[in-house]
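# Summary of the model geometry
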Amino acid sequence: MTTIDLRSDTVTMPTPAMRDAMFAAEVGDDVFGEDPTVNRLQEFAANYFGKEAALFCSSGTQTNQIAINVHVKPGGEVICHEDAHIYKYEGGGIAKNSGASVRLLRGNRGRITASEVAQWIMPDDVHFPVTQLVSLEDTANRGGGAVYDFEEIKRIKQLCEQHQLPLHLDGARLFNALAVNGVDPKTYAAQFDSISICLSKGLGAPVGSLLLGTNAFIHHARRVRKAMGGGMRQAGFLAAAGLYALENNVQRLSIDHDHAKQLETALNACSWVDHCLGVETNIVVIVLKNADQRDAYIQRLAEKGIKTVAFGPGMIRMVTHLGIDQAAIDYVKQTVHELV
Ligand SMILES: *Cc1c(COP(=O)(O)O)cnc(C)c1O
């Protein structure tokens, strides 16, 4: 039985062409700033988003945590959605690494609005933590891959500017968002003081994330990365995969989105599915009619060779990616239809 792994878009394997690029990479000691492939990747990404500089890091958790550490001081406060990855899935890193508190907003499908943020920017009063950062996630993972309305992002940016607050983007799946909202990458990136993007999600690289910002910001971030043990030496082998991913795997994301839409349509017609969170990108969140049966359905899908993950009470997540082709989607559609 073949396995169709829909647990996450992190399960992709490097393709033969990506492996060739990695094998052939020119490398040097990146802690000395001498790895030509790392430097090329950083320049490519910075230019792509119209930012001054970029920093290659081991993971999206690392790029987010470095950014937070540069922006905030102990006792400060970060405003984000209550399901934000930076809060929920980074091992308590905000408290541990930066000694900051967090103001969690309810929002809608992982997204927050300018009017909600405005209520929680603290006035200058000794009782309150000092608000020091606002962080958004686009697409929003816990929102089932929901995409921000770019007009809302602009309103949040305006508010941040009024209060001299930096705005960070956890853009682990930013390329998925840009494929849908159609906004020019530079125009989009101009709204943020720092951006984290993942090369190891839908773009299909085995390892790596990039942090983007001004020269001064990245200079500081490089120091924080070293202190967190993230300085890598001949990292060009990994950067080559990231560069290959940026040059070859961005355009094809719309295929993943089409596959996810097909799954949504098929699932919505199943007797055991109550509904799916409206699919916008490559994430499908199934809300079951019978919440108690969640683990049983995950098990039954697994028995048919389809791997999925639990996504909270009564919910199962499927994620499409470059390892999933139309034949696999057809098989999943057929299989979920036969399940009762
Ligand atoms: C995957 C992900 C990250 C980073 O995760 P790593 O596994 O540390 O690379 C950050 N934010 C979101 C929304 C993610 O989905």
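The preceding data block contains the structure.
Residues numbered from 1 in each chain as written. Predicted model: local features only at pLDDT ≥ 70, side-chain atom pairs only at ≥ 80, totals over all residues. Heavy atoms only, no water.

As summarised here, the arrangement of the four strands in space is 9-10-13-12, forming an open sheet in which the pairing is antiparallel. Every other strand in the sheet has two partners, leaving strand 9 (273-276) and strand 12 (309-310) as the edge strands with one partner each. Relative to strand 13 (residues 315-319), strand 10 (residues 283-288) is paired through five bridges, and the arrangement is antiparallel. When the sheet's bridge partners are listed, V287 is paired in strand 13 with M315. (Pairing = 2+ DSSP bridges. Helix = DSSP H or I, 4+ residues; strand = E, 2+ residues; numbered from the N terminus.)

All residues adjacent to the ligand are S59, G60, T61, N64, H85, E90, E137, D170, A172, R173, C198 and K201. Within the backbone of G60, one N or O atom sits 2.8 Å away from an oxygen atom of the ligand. Taking T61, its side chain carries an N or O atom lying 2.6 Å from an oxygen atom of the ligand. Under a 2 Å grid-point criterion requiring more than half of the atoms, the pocket assigned to the ligand is the largest pocket. Element by element, the count of residues in the shell around the ligand is highest for helix 3 (residues 60-71), at three residues. (Near = heavy atom within 4 Å. Polar contact = N/O pair within 3.5 Å; in protein donor to acceptor, adjacent residues only side chain to side chain. 1 Å grid on protein atoms, 1.4 Å probe; cavity = no way out; pocket = protein on both sides within 12 Å on 5 of 7 lines; lining within 4 Å. Sits in = over half its atoms within 2 Å of the grid points.)

With that settled, the discussion passes to unusual backbone geometry. In this model, D138 is joined to T139 through a cis peptide bond whose omega is -5°. Along the polypeptide, T139 turns up in the loop between strand 5 (130-137) and helix 7 (150-162). Of note in this structure, R109 is not a glycine but carries a positive phi near 45°. Of note in this structure, Q164 is not a glycine but carries a positive phi near 50°. Note on placement: Q164 falls in the loop between helix 7 and strand 6 (167-171).

Moving on: the pairing of strand 6. Burial analysis of strand 6 places five of its five residues in the buried class, the great majority of the element. In strand 6, alternate side chains face the same way, and those of L167, L169 and G171 on one face and H168 and D170 on the other are all buried. In this structure, strand 5 lies alongside strand 6, joined through four bridges in parallel fashion. In the strand pairing of strand 6, S135 is matched with H168. For the handedness criterion, the β-α-β arrangement of strand 5, helix 7 and strand 6 is classed as right-handed. Here four bridges tie strand 6 to strand 7 (residues 194-198), and the two strands are oriented parallel to one another. Bridge pairing in strand 7 links H168 to S194. (Buried < 20%, exposed > 50% of the residue type's maximum accessible area, 1.4 Å probe, protein only. Right-handed = clockwise from strand over helix to strand, strands pointing away.)

This next bit is on the layout of surface pockets. If a probe as big as a water molecule is rolled over the atoms, it shows which places are left empty. For the largest pocket, the calculated volume is near 260 Å³. Along its surface, the largest pocket is lined by 16 residues, and H85, N141, R173, K201 and R317 are the ones closest to its centre. Tallied by class, residues from the lining of the largest pocket come to four nonpolar, seven polar and five charged. (Points joined across faces, edges and corners; volume = space filled by probe spheres on them. Nonpolar A, V, L, I, M, F, W, Y, C, P; charged D, E, K, R; others polar.)

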